[in-house]
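A closer look at the structure
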Amino acid sequence: GDKWQDAMEGVPDAIVLPAGAFSAWKELSDSNNVQVIFSVSCEEHIKQLSGNSDTPLTILIENSSDHYDQDVLSDLFSRVPSKYITILQVDAMQINSTELSLGRSLKSTHGCTSVLVKNACVGDAEDVPYASFIVNGFKSKKSTSFDMTGLTGSTNGHFGGIASSGTQKWQRVTQKSKGKSDD
């Protein structure tokens with residue numbers, strides 16, 4: 001329909017559509033050179049997409065800190081056809097850096113292709129440090145179960161920066177949780 005065409009006006013490289021908009025995808029893919037990413041949040045959405053197309057699709061598995069359940073997400077990822085490209089959406093600045101451990105775990109167990117960290121950059125002073133922390137965390141091959149630092153680096157302060165294995169406390173999260181407790 002018209003609303004999908006309106007979204008295409010600026011000729012984006014990609015557009016995110018709900019899983020139920022499969023017919024709009026066919027229309028867009030036939031008339032435009034745009035990547036379509038389907039947003040899914042449950043098993044029914046995956047069934048709906050895989051039942052309509054033999055084409056490898058890109059899907060965004062929506063997730064929020066309200067329901068970080070490793071078992072539920074693992075089950076959902078296990079139902080995704082292997083030919084699909086999968087993107088996991090997680091909220092930024094989780095307690096104990098859950099966004100990192102969840103993304104890394106789903107990559108190793110289910111081949112999660114990418115992780116979209118929602119609200120990672122919002123225009124405050126923590127944008128650059130957090131972006132650095134999260135990118136380094138996903139790129140690092142450092143063990144999550146065994147931590148060893150070099151004596152020289154730990155002595156002269158080169159280690160233990162923002163990407164250290166300790167829990168990072170972000171002001172943005174602290175301020176948000178204070179605001180909730182004041183209500």
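The following paragraphs examine the structure supplied in this document. (Residues numbered from 1 in each chain as written. Predicted model: local features only at pLDDT ≥ 70, side-chain atom pairs only at ≥ 80, totals over all residues. Heavy atoms only, no water.)

**Quick word on the side chain of Ser74**
Relative to the assigned elements, Ser74 resides in helix H4 (residues 70–78). Excluding anything up to four places from it in sequence, Ser74 contacts Leu106 and His110. (Helix = DSSP H or I, 4+ residues; strand = E, 2+ residues; numbered from the N terminus. Contact = heavy atoms within 4.5 Å.)

**Some points on the packing of aromatic side chains**
Tallied over the entire structure, the rule returns three aromatic pairs. Note on Tyr130 and Trp170: the rings are 5.1 Å apart at their centroids and 85° apart in plane angle, and the pair reads as edge-to-face. Here Trp170 lies in the loop between helix H7 (151–156) and helix H8 (171–182) and Tyr130 lies in helix H6 (residues 127–139), a separation of 40 residues in the sequence. Neither residue differs from the other here; Tyr130 and Trp170 are each classed as buried. Considering the side-chain rings of Phe133 and Trp170, the 5.5 Å spacing of their centres and the 65° angle between planes classify their relative orientation as edge-to-face. Of this pair, Phe133 sits in helix H6 while Trp170 sits in the loop between H7 and H8, and the two are 37 residues apart along the sequence. Assigned by exposure class, Phe133 and Trp170 land together as buried. Site record: aromatic cluster; members linked through ring pairs are Tyr130, Phe133 and Trp170. (Phe/Tyr/Trp six-rings, centres within 6.5 Å; stacked < 30°, edge-to-face > 60°. Buried < 20%, exposed > 50% of the residue type's maximum accessible area, 1.4 Å probe, protein only.)

**As for the sheet that holds strand E5 (residues 114–118)**
The parallel open sheet is built from five strands, whose spatial order is E1-E2-E3-E4-E5. Where the open sheet ends on each side, the last strands, each with one partner, are strand E1 (14–18) and E5. Going from strand to strand, the sheet's axes swing by 30° on average, the running direction of each strand aside. Where E1 lies against strand E2 (residues 35–40), five bridges are found, and the strand directions are parallel. Among the inter-strand pairings, Pro18 is bridged to a residue of E2, identified as Ser39. (Pairing = 2+ DSSP bridges. Axes fitted to C-alpha atoms, helices over the stretch in contact; angles between N-to-C directions.)

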